[in-house]
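Okay, here's what each chain looks like letter by letter:
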Amino acid sequence: MAHRIDMTTGRPALAYCARHGTPWHGLGVASPGLMTPIQAIVAACLDWRAIEHPLGTPIYSVDGLTGWREVPSHKVLVRSDTSGILGVVGEGYKVVQNQEVAEILSGGFGTDTPSIDVAGAIDDGRRIWFLARLPDTFEVRPGDPIEQNLLLTAAHDGSGAIQAINTPIRVVCANTLTLAFREADRATRSIYSIRHTGDATIRAHALANTIAASTGYWTRLRAAFGSLAAQAVTRHEVGAVLRKLFPDNVTEDGEVKPTAQVLRARVRVVELFDGAAQGAAIAGSTRWGLLQAVTQYIDQEQPTRGVPEAEQAGTRRLRSLLGDPTAQGLRQAAFDLLLQSSLT
């Protein structure tokens, strides 16, 4: 399934706040409002544990398979509900359970505080996530609010750390604006990570206090968005930015020749900027408007290879939310370019 939502229990591992309408592929459990961490775990079918088991290799002789030998340097993680294999990890890997990941939010918001907008698992449970709504919002322009969210992700297959990611979402179009600042210090960085080694659980609990006390990122982001909204852009500048984001192809002979795919992307972003994008009239012909046009193209329209047409929309949204490197790289490149004093 291209949408990657975990279906191993026979039910989709996805729960969401119903105010957004039905998300990806019509799957999941709708909640009438924001959920507490415990409610989200149950509704999103995340109420299982990752269990450690010894890893073994077969022992052969001339008579064939004669036994098994334990591999002391590694272990296998298995789901407690389905016995599905999550991954093989090193001996120093420390499991942080779904409940413990959710408790990071409990530490920042309170156990009984409804804060979770979306929760779920993909890839047969190997990766889980919670999207929590922070209490504050801000307006870039009148009628153009930005919701402040925190995305928590964790992998049970050894592929990555637990991450807490500041995730702005533009309300008028649901664009995901996960962005980082160059030369960010601890107070203004967008991502906090915890590796699955040492006292991972203790550090996870400490992270809750760090997140709750950190407002520097949002203060800096609000100023940056306001600056972009105050700066008009010319057609020449729009073209210069798009040529950098969607560069021409250079042949072996040195001939500069844009591909049909690149030309379609440039043309469509210009159409979105000129008024086709949701909220384009509010953003206007500004750097902010151009950032939204690029982001809407990434989040809602950019083709995804190898995905059936009927599943394209859901795959794009999930990709953008969970930080697909290609989508995130293009969005970040646009932000970095538009923050520069000169666009040409």
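Conventions adopted
Residues numbered from 1 in each chain as written. Predicted model: local features only at pLDDT ≥ 70, side-chain atom pairs only at ≥ 80, totals over all residues. Heavy atoms only, no water. Salt bridge = Lys/Arg side-chain N within 4 Å of Asp/Glu carboxyl O. Helix = DSSP H or I, 4+ residues; strand = E, 2+ residues; numbered from the N terminus. Buried < 20%, exposed > 50% of the residue type's maximum accessible area, 1.4 Å probe, protein only. Pairing = 2+ DSSP bridges. Axes fitted to C-alpha atoms, helices over the stretch in contact; angles between N-to-C directions. Expected span 1.5 Å × (residues − 1). Arc of directions from axis to C-beta. Contact = heavy atoms within 4.5 Å. Parallel < 35°, antiparallel > 145°, perpendicular 65-115°, else oblique. Left-handed = near helix turned anticlockwise from the far one by under 90°. Nonpolar A, V, L, I, M, F, W, Y, C, P; charged D, E, K, R; others polar.

Colleague: Explanation requested: the pattern of salt bridges in the structure shown.
Modeller: Side chains bearing opposite charge may pair, as long as their charged atoms lie close to each other. According to the stated counting rule, one finds 13 salt bridges in the structure shown. Across the pair R133 and D117 runs a salt bridge, and its minimum N-O distance is 3.2 Å. Placement of the pair is R133 in strand 7 (residues 127-141) and D117 in strand 6 (residues 116-122), with a sequence separation of 16 residues. Classification of R133 as buried rests on a relative accessible area of 18%. R331 is paired through a salt bridge with D299; the nearest N and O atoms lie 2.9 Å apart. Placement of R331 in helix 10 (residues 325-339) and of D299 in helix 8 (residues 287-301) is noted, with a sequence separation of 32 residues between them. For the pair formed by R331 and D299, the shared burial category is buried. Through salt bridges with shared partners, one network takes in D6, R79 and D81.

Colleague: It is not clear to me how the sheet that holds strand 3 (residues 50-61) should be interpreted in this structure. Could you clarify?
Modeller: Note: strands within a sheet are paired through backbone hydrogen bonds, in either parallel or antiparallel orientation. Taken together, the three strands give an open sheet; going across it, the order is 3-4-5, and neighbouring strands pair in antiparallel fashion. Taken across any chain shown, the strands that pair with only one partner, and hence form the sheet edges, are strand 3 and strand 5 (85-90). In this sheet, adjacent strand axes meet at a mean angle of 55° when their direction is disregarded.

Colleague: Could you clarify how one ought to interpret helix 6 (residues 260-276) in this entry?
Modeller: At 3.6 residues per turn, the α-helix brings residues three or four places apart onto the same side. Helix length check: helix 6, at 17 residues, gives a terminal C-alpha distance of 21 Å against a target of 24 Å (1.5 Å per residue), a shortfall beyond 12%. Those residues of helix 6 that fall on the buried side of the exposure criterion are V262, A265, R266, V269, L272 and F273. Buried positions in helix 6, seen along its axis, are confined to an arc of 125° and lie on one side of it. Turned more than 90 degrees away from the buried face of helix 6 sit R264 and V267, all of them exposed. Among the structural elements, helix 5 (235-245), helix 7 (280-283) and helix 8 are those in contact with the buried residues of helix 6.

Colleague: What is the right way to read the packing of helix 5 against helix 6 from this model?
Modeller: Packed helices, taken two at a time, are described by the angle their axes make and the gap between the axes. Direction vectors running N to C along helix 5 and helix 6 enclose 140°, while the axes themselves pass 10 Å from each other. Judged by the inter-axis angle, helix 5 sits oblique to helix 6. Between helix 5 and helix 6 lies a crossing of right-handed hand. Mapping the contact onto sequence places R235, V238, L242 and R243 in helix 5 and R266, V269, V270, F273 and D274 in helix 6. Looking at side-chain class alone, the contact of helix 5 with helix 6 contains five nonpolar, no polar and four charged residues.

Colleague: What is the right way to read the environment of E103 from this model?
Modeller: Assignment of secondary structure puts E103 in helix 2 (residues 98-109). Given the relative accessible area of 29%, E103 is considered partly exposed. Taking C-alpha positions, E103 is 7.2 Å from P37, a pair spaced 66 residues apart along the chain.

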